[in-house]
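# Structural overview for review
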Amino acid sequence: MKKIVYVALSADILHEGHINVLKKASKFGDVVVGLLTDEAIATYKKFPHLNYKQREIVLKNIKFVKRVIPQRTHDYSENLNILKPHFVVHGDDWKKGVQSLVRKRVLSTLKKWKGKLIEIKYTKNISSTLIRDKIKSLGTTPEVRKSKLKRLIAAKKIVRFLESHNSLTGLIIEKLNIVSKNQILEFDGMWSSSLTDSISRGKPDNQSVDYSTRILGLNETLDATTKPIIFDADNGGRNEHIRHLVKSLERAGVSAMVIEDKVGLKQNSLFKNQKNIKQDSIKEFCKKIQIAKDSRISNDFMIVARIESFILGKSLKDALNRAEAYSKAGADAILIHSKEKTPKQIFSFSKKFIKSKYYKPMIAVPSKYSKTNEISLIKNNFKVVIYANHLMRASHFAMYKTASQILKNGRSFESEKNITNLESILRLIK
Ligand code: SPV
Ligand code: MG
């Protein structure tokens, strides 16, 4: 009987380095590839371009591969304990960094049946990360970008969006990543906020800035980025206009449109006084959701219903009734908003809604209850978190401070330590 050789791969971008590993592995026996699922990859590195099925097809057709099985965690133990392979083969580039702990676990697991780890010399000057960066610089297509949000929701414990109001903020979201506890942390996409789109144009958040103007601005961000976008569409406007809005957003490659159940002249939901603001009737808002849903070209485009019951002082029961009705009408996700300092309202909602037969993924916007962290949102079954205005607030704070300092000192020297240095700004966009 031939020996079993286990190789774990993401196989999102295959290159000669992978073929080298697989070829050498096949010399030791039958190669079983543990193909990392989207979920497994999302826990420690950048989300794959291709989904599991697509990656599986490619691998199954490589002559050095005997079998492909899913590896559902970054850790190999589960598959190793089932397969008990004679060998595990990996490139020798995983001794340091986010993979080193996984390597240690592989070694200790293999010990149980005297399996061996074979490490193959890393192929120089080639890596998926290098290729990925090159591909990123080429950009993306609207279809690929649009489909990302659904995939992220299916694969990640929580999907993290941050507000963007221009290309520069988009680029920060696109590029920033930090390593913490053996994981690469990054934002998954951009929230196109009505509040910050308005403020950046010196207008109030009451639909003074129309959709066309906002989408024109968004186009610049689309040019500079590849991550998915959730568009804040206020209440979606008149029913007669929704079809055109959906069309424009889809064509641009936006992944989701959030519509809120308010009518009449809107104001921002975080204002204390919401006295003159009216909520739509369930019936009318469901009609709006249906129109939006019927206008879609692709199932990848998500219609998110945003419930303002808590903002307007209404009850949990009202919010739940609406959530079920909106879900039945076709909403793909529910954004439950609150302007309380604690997450009590939204957690009381999620506790009930998760049990509903009309359950849909829930989105939280912790602007006021900002002490609430992602771990507790996950525990309370939220799938998406939107940090809705923070890059705008950060830049306003820094700009105000710098402008005041220059006035006060009659020169700019004192502000140098608070601002990005010239060298970095010049090199920011290569
Ligand atoms: C926005 O960012 O414009 C929003 C969220 O709609 S909130 O400001 O809380 O209304
Ligand atoms: Mg808004």
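Only a predicted model underlies this, so the values are computations on that prediction, with no experimental measurement involved. (Residues numbered from 1 in each chain as written. Chains lettered and ligands numbered in written order. Predicted model: local features only at pLDDT ≥ 70, side-chain atom pairs only at ≥ 80, totals over all residues. Heavy atoms only, no water.)

## Quick look at the overall build of the chain
The number of helices and strands found in the chain is 17 helices and 17 strands. Taken over the C-alpha trace, the chain has a radius of gyration of 25 Å; the compact-globule value for 430 residues is 22 Å, and the two agree within 12%. In terms of its C-alpha atoms, the chain occupies a principal-axis envelope of roughly 75 × 65 × 35 Å. Relative to all contacts within the chain whose residues are 6 or more apart in sequence, the contacts with residues 24 or more apart total 74%. Of the roughly 22,500 Å² that the chain leaves accessible, carbon and sulfur atoms contribute 56%. Of the charged side chains in the chain, 81 are positive and 41 negative, and the gap between their average positions amounts to 6 Å. (Helix = DSSP H or I, 4+ residues; strand = E, 2+ residues; numbered from the N terminus. Rg over C-alpha atoms; globule rule 2.2 N^0.38 Å. Contact = heavy atoms within 4.5 Å. Areas by Shrake-Rupley, 256 points an atom, 1.4 Å probe, with all protein chains shown as cover. Lys, Arg positive; Asp, Glu negative; His and termini not counted. Charge placed at Lys NZ, Arg CZ, Asp CG, Glu CD.)

## Some remarks on the side chain of R145
Structurally, R145 is set in helix α7 (residues 142–155). An unpaired buried charge is present at R145: no salt bridge exists, and E174, the closest side chain of opposite charge, is 5.5 Å distant. Among the polar contacts listed, one links the side chain of R145 to the backbone oxygen of L222, at a separation of 2.9 Å. If we skip the residues at most four places from it in the chain, R145 touches T140, M190, L222, T225, T226, K227, P228, I229, G253 and S255. (Buried < 20%, exposed > 50% of the residue type's maximum accessible area, 1.4 Å probe, protein only. Salt bridge = Lys/Arg side-chain N within 4 Å of Asp/Glu carboxyl O. Polar contact = N/O pair within 3.5 Å; in protein donor to acceptor, adjacent residues only side chain to side chain.)

## Section: the domain arrangement of the chain
If you check the domain split of the chain, you get domain 1 (4–129), domain 2 (139–388) and domain 3 (394–429). Look at where the C-alpha atoms of domain 1 and domain 2 centre, and you get two points 37 Å apart. Across the boundary between the two partners, domain 1 contributes 15 residues, which contact 11 residues of domain 2. Note on domain 1 versus domain 2: buried area summed over both sides is about 1,100 Å², and carbon and sulfur give 51% of it. Considering only the surface of domain 1 that becomes buried against domain 2, K46, F47 and V98 emerge as the three largest contributors, covering 45% of it. On inspection of domain 1 and its partner domain 2, the count reaches two salt bridges. Among the ionic pairs, K46 bridges to E186, the shortest N-O distance being 3.2 Å. Counting across the interface, domain 1 meets domain 2 through six residue pairs in polar contact (both at pLDDT 80 or more). Element by element, the count of residues in the side of domain 1 that touches domain 2 is highest for helix α2 (residues 38–42), at three residues. Across the side of domain 1 that touches domain 2, the residue classes break down as seven nonpolar, four polar and four charged. (Domains from an automatic or database assignment. Buried area = accessible area lost by both parts, 1.4 Å probe. Nonpolar A, V, L, I, M, F, W, Y, C, P; charged D, E, K, R; others polar.)

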